[in-house]
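Residue strings, one per chain:
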Amino acid sequence: MREIGRFFSGFASRNGLPVAIYLLVAVSIWIFVLVVLPQLTMFDFSFRHNLPPPKIGGPEDVHTLEQYRYFLMGNEITGGGVNTLDIAVLFKTLVAAVFVTIIDLVICYPVAYLLAQSSQGSTKRLLVLALIVPFWVNEILRAFAFRILFGSTGVINGVGMQLGLWDAPIDFIGENVALYAGLAYAYILLMIFPLYNAIESLDRNQIEAARDMGASWAQVHRRVVIPYAKPGIASGSTMVFMLTAGALAAPQILGGPSSLWFTQIIYQWFNSGGNWPRGSAYAVILLAICIMFVLLVMRVFKVSIGEIGR
Amino acid sequence: MSNLKAFPTGGLYLLLFFLYLFGPLVVMVVTAFNSSSFPRISPWECLTSDWFFKLFADETLIAGLGNSLIIGIGVVLVAVPVGLAAAIVLSQVGPHLRSVMYAVFIAPILMPGVVIGLSTLIFWDRLGTFFGAAYDSFFYNGMFLTIAGQVTFISAYSMLVFLSRLQRFDPTLTEAALDMGASQTQAFVKVLLPFMTPAILSASVLAFLASMENYNTTVFTIVAESTFTTVLAQKVRYGLDPSISAVAVIIVGVTLVGAIIFENYNRFRTHKEARAAASAIVPPIARFATNPLVIIGFVLVCVIGFVAWVGTNDSSVCEANIEQMKREYQQEQLEQQRNRTTAPASEPAAPASPPANGGGGVFAPGNLAPAQPEQEEAPASPFGNVFAPENLQGGN
């Protein structure tokens, strides 16, 4: 306690009292009122029954595992058995998010390398600006663009059929091709910049040295660039994975009629479903599974958490 | 030395990549000028600007835009000071505490927007219930909730902007000010804040844009109100309509102009001296004309001029033509259909197995299918003739 007091007095004497108060108040409102308390409330709420407002706080308002039990053993649709429906959606969402992350990594690695190591000066600045500009366009509009592109009378089908690659229009929306392409597009920037930052600080001489020693380009990348860029790869992949798994707009607009994203189930419980505690439980499940998955993958690839986001 | 030359595939790859980045946007922008009621490039019907007028007449979208502007300004006013405070606090703590705090501060960016949205909604709802607040109080107000939800993660964005600027701050400046007798508050206001001004500006722009385009969080926190993005999402989900492409034209245009201004401003700042030295050698006009941004600006002016020209151009004649053509085509189809349904009845082979329902083979499979071998001359696309060059002449 005395240490905290000393910290505060040091902090105040360093910044002056008014500034110190501003700094501490702003940061604590942000972290506690906007981040931590809402999360804790949601966590608590997920252990409650779905009660009408007058009964909230009454004797029936007790903690329960009902919402989590429903996720595992739903009783309405599956008849008391394992809730394969929702679990399958969660699993599919995670697999698709991994898939999108890998696509983004494969697409972005060469771009980040070329930008960081090959281009200079104003060309580089212009290229970076060209990278950012598409992401100032509204997320909904970007998804809409992919709807136009992949529709049955869209440009892709038009060009494909004109070239004679296929005869009848392919249902890209129903096959989720449009969804994956749109999601990969939506978060490309979050993959490129960590990669770019990591690769840019690599000394060109290391690459030159490896080349002089007779390494092929593939070997240079495998032995020199990729190990060096590992923190960048890890933080880019983490961001893309988390945001893809938590995406709502793209699946709503680009998802085929039979496909469901886990966030859409949460959305349904909050809106048409009218069951907020269950929606909260599903959100907690999504958050927990995603975090555990990211930690697991980082452990497998031997990356520490501190390296993320640098 | 350039690796772009070392492997030409690199340049080709970048080209393909930027095609992927801009292709969808270009296609979307082009569809805004096609009179076809479904947003598409082919078949091209008529050049029109009607979708823009339809857009401006859309009151829900305009109301949503108004709400979005208010929310955006609110978010900037809260998130930027919070982000600045977080960055300053981070720069003052020891390395161990710093990495812990950094992880906490960065977490809202990684958290799914859906989770932030609904946790904000539940928290204020419970708080309102706890205080017994009325339903029209701010606890249940969509605008307030949306600002609270968006500030949660947009503060972290602006913190990142401030952190990178703070790295270049020379703390001896503050020390000098203190030595000269300034109070700490004065040093903060007169030394640190002016140094941070460019970062404050770019963090504000970033926060405003992030607020405007956010959907995942907003869709939960907005409750009964609507923002520009949620209205747009509703429209897109309800049905595709080229007036959404018209929105895209405006946003892409504004974005490009913003990017050009931003880039020019940066150049102006970083190359002020270099430019002054160079202009002595190269004539300013030549330098001006070869500047790629001037070229982009010129292209942009041309595009705007094109839109204005389309606006004055009357597309109704062309549209009437298309309408007429569709009707004729339908008529033709109908006639062919009729011919086909009557044909089997007169065929001698048909009576071999008289159908029980007495329908005369009308329901026999294949009779209704349009793709009969003898119908080869009928085009696969429903508006096939539209493509014929002579049809388009009426429009322009």
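Small disclaimer: the values here were computed from a predicted structure and weren't measured.

Some points on the overall build of chain B
Right, so step 1: Secondary structure assignment for chain B yields 17 helices and zero strands.
Right, so step 2: Here chain B, with 396 residues, has 42% of them falling under the buried criterion.
Right, so step 3: When contacts within chain B are restricted to residue pairs at least 6 apart in sequence, those whose partners lie at least 24 apart make up 71%.
Right, so step 4: For chain B, the computed accessible surface area is about 20,900 Å², with 68% contributed by carbon and sulfur atoms.

Some points on the overall build of chain A
Right, so step 1: Tallying secondary structure elements over chain A gives 15 helices and zero strands in all.
Right, so step 2: Relative to the compact-globule value of 19 Å for 310 residues, chain A shows a C-alpha radius of gyration of 24 Å, a clear excess of over 25%.
Right, so step 3: Along the longest, intermediate and shortest principal axes, the C-alpha atoms of chain A span 75 × 75 × 35 Å.
Right, so step 4: Taken across its 310 residues, chain A has 51% of its residues classed as buried.
Right, so step 5: Excluding contacts between residues fewer than 6 apart, the proportion of contacts in chain A whose partners are at least 24 apart in sequence is 62%.
Right, so step 6: Surface exposure of chain A reaches about 14,400 Å², of which carbon and sulfur atoms provide 67%.
Right, so step 7: Of note, chain A has its 20 positive side-chain charges centred 9 Å away from the centre of its 17 negative side-chain charges.

Here we look at the interface of chain A and chain B
Right, so step 1: On the chain B side, the residues contacting the 90 residues of chain A number 94 residues.
Right, so step 2: Among the residues chain A hides against chain B, the three largest losses belong to Trp30(A), Trp136(A) and Phe144(A). Together they make up 9% of the total.
Right, so step 3: At the boundary of chain A and chain B, one finds one salt bridge.
Right, so step 4: A salt bridge links Arg142(A) to Glu213(B); the nearest nitrogen and oxygen atoms lie 3.2 Å apart.
Right, so step 5: Joining chain A to chain B, the criterion identifies 14 residue pairs in polar contact (both at pLDDT 80 or more).
Right, so step 6: Top element by residues in the side of chain A that touches chain B is helix α2 (residues 17–45) of chain A. It accounts for 18 residues.
Right, so step 7: Residues of the side of chain A that touches chain B, tallied by class, amount to 64 nonpolar, 15 polar and eleven charged.

Topic: the state of the cysteines
Right, so step 1: Taken as a whole, this structure holds zero disulfides over all chains when the rule is applied.
Right, so step 2: There is no disulfide at Cys108(A), and the cysteine sulfur nearest it, in Cys290(A), is 20 Å away.

So, the domain arrangement of chain B
All names here are of chain B.
Right, so step 1: Split into domains, chain B comes out as domain 1 (61–238) and domain 2 (242–312).
Right, so step 2: The interface of domain 1 with domain 2 comprises six residues on the first partner and five residues on the second.
Right, so step 3: Across the domain 1 to domain 2 interface the summed buried area is about 420 Å²; carbon plus sulfur atoms make up 82%.
Right, so step 4: A per-residue breakdown of the area domain 1 buries against domain 2 is headed by Phe228, Leu232 and Lys235, which together make up 55% of the total.
Right, so step 5: Seen at the junction of domain 1 and domain 2, the total is zero salt bridges.
Right, so step 6: For the pair domain 1 and domain 2, the interface holds zero residue pairs in polar contact (both at pLDDT 80 or more).
Right, so step 7: The element that contributes the greatest number of residues to the side of domain 1 that touches domain 2 is helix α11 (residues 228–238), accounting for four residues.
Right, so step 8: A class-by-class count of the residues in the side of domain 1 that touches domain 2 yields five nonpolar, no polar and one charged.

Observations regarding the packing of aromatic side chains
Right, so step 1: Tallying each qualifying case throughout the model produces 23 aromatic pairs over all chains.
Right, so step 2: Centre to centre, the rings of Phe17(B) and Phe18(B) are 5.6 Å apart; their planes meet at 80°, and the pair counts as edge-to-face. Just as Phe17(B) is buried, Phe18(B) falls in that class too.
Right, so step 3: Linked through ring pairs, Phe135(A), Phe146(A), Phe150(A), Tyr185(A) and Tyr20(B) together constitute an aromatic cluster.
Right, so step 4: When the ring centre of Trp269(A) is taken as reference, the NZ or CZ atom of Arg278(A) above it lies at 5.1 Å.
Right, so step 5: If you follow Arg165(B) out to its NZ or CZ, it ends over the ring of Phe195(B), 4.2 Å from the centre.

Examining unusual backbone geometry
Among all residues except glycine, the phi angle is most often negative; among peptide bonds, the trans geometry is most common.
Residues and elements named next belong to chain B.
Right, so step 1: A positive phi angle, close to 50°, is found at valine 223, a residue other than glycine.
Right, so step 2: Examined against the element boundaries, valine 223 turns out to sit in the loop between α10 (218–221) and α11.
Right, so step 3: Exposure remark for valine 223: the relative accessible area of 49% places this residue in the partly exposed category.

Quick look at a nonpolar patch on the surface
Right, so step 1: Side chains of Ile4(A), Phe7(A), Phe8(A) and Leu97(B) sit close together on the surface and give an oily, nonpolar patch of about 350 Å² of accessible area.
Right, so step 2: Ranked by residues supplied to the nonpolar patch, first place goes to helix α1 (residues 2–15) of chain A with three residues.
Right, so step 3: Along the chain, the position of Phe7(A) falls in helix α1.
Right, so step 4: Judged by relative accessible area, which is 36%, Phe7(A) ranks as partly exposed.

So, the side chain of Gln150(B)
Residue and element names in this part refer to chain B.
Right, so step 1: Counting through the fold element by element, glutamine 150 comes out in helix α7 (residues 142–166).
Right, so step 2: For glutamine 150, a relative accessible area of 1% puts it in the buried group.
Right, so step 3: A polar atom in the side chain of glutamine 150 sits 2.8 Å from the side chain of serine 211.
Right, so step 4: Dropping the residues within four chain positions of it, glutamine 150 is found in contact with Ile71, Val75, Ser211, Asn214, Thr217 and Thr218.

Some points on the side chain of Thr41(A)
Right, so step 1: On the secondary structure map, Thr41(A) appears in helix α2.
Right, so step 2: Non-local contacts of Thr41(A), meaning those with residues more than four positions away in its chain, are made with Ile122(B), Phe123(B) and Arg126(B).

Scoring rules and cut-offs
Residues numbered from 1 in each chain as written. Chains lettered and ligands numbered in written order. Predicted model: local features only at pLDDT ≥ 70, side-chain atom pairs only at ≥ 80, totals over all residues. Heavy atoms only, no water. Helix = DSSP H or I, 4+ residues; strand = E, 2+ residues; numbered from the N terminus. Buried < 20%, exposed > 50% of the residue type's maximum accessible area, 1.4 Å probe, protein only. Contact = heavy atoms within 4.5 Å. Areas by Shrake-Rupley, 256 points an atom, 1.4 Å probe, with all protein chains shown as cover. Rg over C-alpha atoms; globule rule 2.2 N^0.38 Å. Lys, Arg positive; Asp, Glu negative; His and termini not counted. Charge placed at Lys NZ, Arg CZ, Asp CG, Glu CD. Buried area = accessible area lost by both parts, 1.4 Å probe. Salt bridge = Lys/Arg side-chain N within 4 Å of Asp/Glu carboxyl O. Polar contact = N/O pair within 3.5 Å; in protein donor to acceptor, adjacent residues only side chain to side chain. Nonpolar A, V, L, I, M, F, W, Y, C, P; charged D, E, K, R; others polar. Disulfide = S-S within 2.5 Å. Domains from an automatic or database assignment. Phe/Tyr/Trp six-rings, centres within 6.5 Å; stacked < 30°, edge-to-face > 60°. Lys NZ or Arg CZ within 6 Å of the ring centre and 35° of its normal. Patch = residues over 30% accessible without salt bridge, like charges linked within 9 Å, V, L, I, M, F, W, Y side chains within 5 Å.

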